[in-house]
Each structure stands twice: as structure tokens, then as C-alpha cells.
Amino acid sequence: MNTKHRPPEWAFEFHGHLCPFMPLGYRMGMRALSDLGAAREKDHTLHVICELGEGHPQTCLMDGIQVATGATFGKTLIEKTYWGKLAATFWYPGKTAVRYALKAEFLDEFGKREFFAYRKRGVEPSGIPSHVTQEAIDWTLSLTDENIYAVQRRADFQYQPPKGSFNKALCSKCGEYVFERYLRQQDGKPVCIPCAGGLHQNIRS
Ligand SMILES: [Zn+2]
Ligand SMILES: [Zn+2]
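The structure reproduced in this document is the subject of the present report. (Residues numbered from 1 in each chain as written. Chains lettered and ligands numbered in written order. Predicted model: local features only at pLDDT ≥ 70, side-chain atom pairs only at ≥ 80, totals over all residues. Heavy atoms only, no water.)

A closer look at the coordination of the zinc ion (ligand 2)
Link 1 in the chain: The coordination sphere of the zinc ion (ligand 2) contains the protein donors Cys171 (SG), Cys174 (SG), Cys192 (SG) and Cys195 (SG), at a distance range of 2.3 to 2.4 Å.
Link 2 in the chain: Coordination at the zinc ion (ligand 2) comes from 4 donor atoms whose angles at the metal span 97 to 117°, giving a geometry best classed as tetrahedral.
Link 3 in the chain: Considered as a linear motif, the donors of the zinc ion (ligand 2) on their single chain read C-x2-C-x17-C-x2-C. Of the two residues, Cys171 is situated in the loop between strand S6 (168-170) and strand S7 (177-179) and Cys192 in the segment after strand S9 (189-191); the sequence distance between them amounts to 21 residues. Here Cys171 matches Cys192 in class, with each residue buried. (Donors = N, O, S within 2.8 Å, 3.2 Å for Na, K, Ca; no water. Tetrahedral: all angles 85-135°; square planar, octahedral: opposite > 155°, others 65-115°. Helix = DSSP H or I, 4+ residues; strand = E, 2+ residues; numbered from the N terminus. Buried < 20%, exposed > 50% of the residue type's maximum accessible area, 1.4 Å probe, protein only.)

Let's talk about the packing of aromatic side chains
Link 1 in the chain: Counted by the stated rule, this structure contains 9 aromatic pairs.
Link 2 in the chain: Residues Phe21 and Phe110 carry aromatic rings whose centres are separated by 5.4 Å and whose planes lie at 50° to one another, so their mutual orientation is tilted. Taken as a pair, Phe21 in helix H2 (residues 21-36) and Phe110 in helix H4 (residues 104-110) lie far apart in primary sequence, 89 residues in all. Just as Phe21 is buried, Phe110 falls in that class too.
Link 3 in the chain: Connected via pairs of aromatic rings, a cluster forms that spans Phe21, Phe106, Phe110, Phe115, Phe116 and Trp139.
Link 4 in the chain: Between the NZ or CZ atom of Arg121 and the centre of the ring of Tyr118, over which it lies, the distance is 4.7 Å.
Link 5 in the chain: We note Lys168 situated over the ring of Tyr177; from NZ or CZ to the ring centre the distance is 4.7 Å. (Phe/Tyr/Trp six-rings, centres within 6.5 Å; stacked < 30°, edge-to-face > 60°. Lys NZ or Arg CZ within 6 Å of the ring centre and 35° of its normal.)

Looking at the packing of H2 against helix H3 (residues 61-69)
Link 1 in the chain: Put simply, H2 and H3 touch, their axes get as near as 6 Å, and they point 40° apart. Taken together, the axes of H2 and H3 lie oblique to each other. When the axes of H2 and H3 are compared, the crossing they make is right-handed. Side by side, H2 and H3 meet where Phe21, Met22, Leu24, Gly25, Tyr26, Met28, Gly29, Met30 and Leu33 of the first sit next to Leu61, Asp63, Gly64, Ile65, Val67, Ala68 and Thr69 of the second.
Link 2 in the chain: Along the lines of polarity and charge, the residues of the contact of H2 with H3 split into 11 nonpolar, 4 polar and 1 charged. (Axes fitted to C-alpha atoms, helices over the stretch in contact; angles between N-to-C directions. Parallel < 35°, antiparallel > 145°, perpendicular 65-115°, else oblique. Left-handed = near helix turned anticlockwise from the far one by under 90°. Contact = heavy atoms within 4.5 Å. Nonpolar A, V, L, I, M, F, W, Y, C, P; charged D, E, K, R; others polar.)

Topic: the pairing of strand S3 (residues 87-91)
Link 1 in the chain: For S3, a buried count of 5 out of 5 residues is recorded, marking the element as mostly surrounded by other parts of the structure.
Link 2 in the chain: Residues Ala87, Thr89 and Trp91 point to one face of S3 and Ala88 and Phe90 to the other, with burial holding for every one of them.
Link 3 in the chain: With 4 bridges connecting them, strand S1 (residues 47-50) and S3 associate as antiparallel partners. Note on S3: the bridge partner recorded for Ile49 is Thr89. (Pairing = 2+ DSSP bridges.)

Side note on the nonpolar core
Buried together is how nonpolar side chains tend to be arranged in soluble globular proteins.
Link 1 in the chain: Ranked by size, the top nonpolar core spans 45 residues in total, and within it Phe90 and Leu102 carry the most contacts.
Link 2 in the chain: Element by element, the count of residues in this core is highest for H2, at 8 residues.
Link 3 in the chain: Apart from residues no more than four positions distant in its own chain, Leu102 is found in contact with Phe21, Met28, Leu61, Leu86, Leu107, Ile148 and Tyr149. (Core = buried A, V, L, I, M, F, W, Y, C linked by side-chain atoms within 4.5 Å.)

What follows is the structure in C-alpha cells.
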């Protein structure tokens, strides 16, 4: 068993429960750093574009990716495409982006572990006996990266992080500060999105 792929204890504390998908994301992230020749992100350079969505299981992958790479939600370095796929592309300026997807054959075999029998009955991971979950984790640790991940170099991958700005202004209606890319104009005055009547964020506008 290859224990170098085991996440540190604090990763499980951060994640909240013992499960096999956070560790699979951790391993994916560590592999991506190695393939990119990049260090764990201290600041704001590495970006991860995950193909996960919402309302489906196994999104725990994303916490492992954040732990391994330092590309965190709070640093706005990780985002989702909402495609409902267990894959992610890692982008670093000047390097060839690389995509990892959990192989279908791996997921089919993985789905036979007892852990998934509990999950399909609706038991949350924290309610599953830890030896059952540990068995699923240990099984993944017995596999090679090639057994688990399809790896794809993406020389054509285009990504442009939003340009950073410190500029902000007061909303003329609620009096709260708004960073400039999110300011809207109403009757010639700056307003925030909710005061402009917008219910939805438009993160790229
Ligand atoms: Zn989890
Ligand atoms: Zn406002």
C-alpha cells in the first residue's frame, strides 16, 4: 500500500468526515503539482477548473484538491463547470494544463466496496463504521495512479483568470462597499447587484 497518497490528518479534520473521495482528490492534486512542476500554491497563480456539479455524491474530491494544491475557494482558485463529471483541469501560466478524470473502470470496481452499500441506503459518511470506510480508502491506496486517473495534457486549454482590482465604491442605495467589477449603474449612480434588482451573481461580467 502506498501511504504517500494518504492525506494529512488535518485534511480529514477540515473535511469533517472520513471518506474515500477527499483522499482521491488529494492524490489528484498532488499528482497535478508534480506533473505541472508547480509548488503548493501560496498566493494566486494556480487555478483548478473542476467538472463537478451539485446534488450528486463524490464532490468531496474538491476538498482534497484544495488541501493538496492550496488552490482554495477562499483564494478564488477553484471553480466548477457544473457538468457533473469527476474530473478537473489544473492550469498554471506558462505550463501545459493537465486534466485528470476518474476512470469508468475504476469507478465500477470501486462501487463494489461495502462503503457504497451504506451510501446507497442513504447513510452519511460519518455514520458508516470507520473500518468500512477505511477499507475503501485502503483499496484505492493499493492501486497505481494509472489504475485510477485518465491523464490528458491540454496544450489547447484556454483560461484567463479575472483581472484583480482593489477599487471599490459605495452603493448609492444600501451604503455598502462593492468591488468595482460588481458595481452597476442605475440613474447614473453606482449600485450593488441586489439593489439593482439582480438576484443572480454574474461572476464574469
Ligand atoms: Zn467526504
Ligand atoms: Zn446596495
